[in-house]
Amino acid sequence: MRYPIGIQTFEKIIEGGYVYVDKTDLVYDLAQENVCFLCRPRRFGKSLLISTLDAYFKGRKELFAGLRMEQLEQDWTVYPVFRIDFSNGNYNRDGELESKLNFLLSQWEEIYGKKSLAENIGDRFLYLLHQARVKTGHKAVVLIDEYDKPLLDVIGEDLEQKHRDILKGFYGTFKAADEDLRFVLLTGVTKFSQISVFSGFNQPKDISTSKKFEAICGITEEELHTGFGTSVHEMAEELGYTDEEMWQQLKRQYDGYHFGETLTDIYNPFSIINVLSERRLDDYWYRSGTPTFLAKLISGHNINMEKLLKKSYPTSKFIDYRADVSDPLAMLYQSGYLTIKRFNPRNRMYTLDYPNDEVRNGFVD
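K.L.:
Looking at this structure, I do not really get the sheet that holds strand S5 (residues 205-206). What am I missing?
P.N.:
Strand-to-strand pairing in sheets goes through backbone hydrogen bonds, with the strands running parallel or antiparallel. Taken in spatial order, the 5 strands make up an open sheet running S2-S3-S4-S1-S5, and their pairing is parallel. Across the chains shown, the open sheet's two edge strands, defined by having one partner strand only, are strand S2 (81-85) and S5. Examined bridge by bridge, strand S3 (residues 140-145) and strand S4 (residues 181-188) share 5 bridges and lie parallel to one another. Across the sheet, residue Ile144 finds its bridge partner in S4, namely Leu186. Contacting S2, S3 and S4, helix H6 (residues 121-136) runs over the sheet at an angle of about 145° to S2.

Structure, rendered in structure tokens:
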């Protein structure tokens with residue numbers, strides 16, 4: 001079995017014969033929405049989701065052969081896709097965000113044309129979305145990966161307000177371009193609802209805690225047993241465990257993430273593909289790095305985790321992000337160091353805790 005370690009491109013995974021957990025039925029359902037936002041921790045499959053949607057909206061039917069999508073989609077319409085990946089920029093440098101957006105807009109203007117009177121970033125993007133519809137006869141699709149990185153890179157610095165204003169103007173385009181848009185998805189680690197980044201357009205539908213899309217990223221218990229049973233058996237034999245002991249070890253170490261009130265068990269996909277490839281229990285996700293913004297915010301502060309974990313909270317306390325070390329619950333949940341463990345349907349209150357041993361031990365260290 002080939003594991004796609006370090007590969008986040010749907011096309012490369014399919015054509016390279018790597019193992020792929022088929023979530024294309026959820027991708028199809030998501031594609032029927034309008035403007036959506038998805039918050040998940042780093043290395044949880046957000047980029048792969050964006051890449052899968054990119055292939056779907058470009059009509060790459062051949063890539064979905066044998067997958068659930070093949071039975072669901074009949075038309076395979078080719079839409080104009082505007083894809084933006086903010087993950088590969090260093091936004092601590094003044095002017096980097098503007099350069100990134102100008103570069104992307106210039107590329108698209110070579111395809112769809114440039115309006116001479118459109119000077120600012122928002123107006124140029126608005127014109128492009130309209131021209132894409134005029135030239136292709138189909139509404140545009142916008143896919144934005146790690147939308148929040150330009151803000152997280154400069155939290156507490158002078159550039160924070162400048163980046164906020166730039167992005168507010170850029171995202172504000174979606175409201176004016178509503179008639180030209182088929183689908184919009186923004187993904188990120190955090191939801192900046194309190195910083196009014198989205199105030200320029202109608203708030204996107206937040207599917208981060210949606211029952212329907214709870215398992216759109218990550219690996220469920222059923223998916224692990226169905227798709228990786230042979231690999232787990234081979235690993236158990238090599239390490240001297242029984243199959244049952246091996247399953248229990250994997251569950252304690254890498255399971256335990258919950259992203260909604262149904263409490264569907266989600267395994268960390270980055271850790272799972274690494275542990276099955278290396279056949280060695282280790283802290284793969286945690287050792288891949290602590291988010292810079294989190295390290296910056298908690299540096300020099302004593303976070304009382306025991307106090308945080310004894311309370312119950314409404315979703316607003318850990319879904320709506322506030323960059324505030326005095327109230328660190330949201331940043332710890334959204335960055336993957338805490339997760340939902342219990343839900344009380346009567347008062348709609350949630351209890352949070354570490355997802356698993358990997359995160360608990362790593363965070364304490």
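That shown, we press on.
K.L.:
Looking at this structure, how should I read the packing of helix H10 (residues 221-239) against helix H12 (residues 269-278)?
P.N.:
Helix packing for two helices is described by the angle between their axes and how far apart those axes are. Between H10 and H12, whose axes approach to 9 Å, the crossing angle comes to 35°. Seen along the crossing, H10 lies across H12 with a hand that is left-handed. Where H10 approaches H12, its residues Leu224, Phe228, Ser231, Val232 and Met235 are matched on the opposing element by Ile272, Val275 and Leu276.

K.L.:
Please clarify how unusual backbone geometry should be interpreted in this entry.
P.N.:
Where the residue is not glycine, phi is negative for most of them; where a peptide bond is considered, it is trans in most cases. With phi around 55°, Arg43 is a residue other than glycine that occupies positive phi space. Tracing the backbone shows Arg43 in the loop between strand S1 (35-39) and helix H3 (46-57). Overall, the relative accessible area of 44% leaves Arg43 in the partly exposed class. Non-glycine residue Arg279 carries a positive phi angle of around 55°. Along the polypeptide, Arg279 turns up in the loop between H12 and helix H13 (284-287).

What counts and what doesn't
Residues numbered from 1 in each chain as written. Predicted model: local features only at pLDDT ≥ 70, side-chain atom pairs only at ≥ 80, totals over all residues. Heavy atoms only, no water. Pairing = 2+ DSSP bridges. Helix = DSSP H or I, 4+ residues; strand = E, 2+ residues; numbered from the N terminus. Contact = heavy atoms within 4.5 Å. Axes fitted to C-alpha atoms, helices over the stretch in contact; angles between N-to-C directions. Left-handed = near helix turned anticlockwise from the far one by under 90°. Buried < 20%, exposed > 50% of the residue type's maximum accessible area, 1.4 Å probe, protein only.

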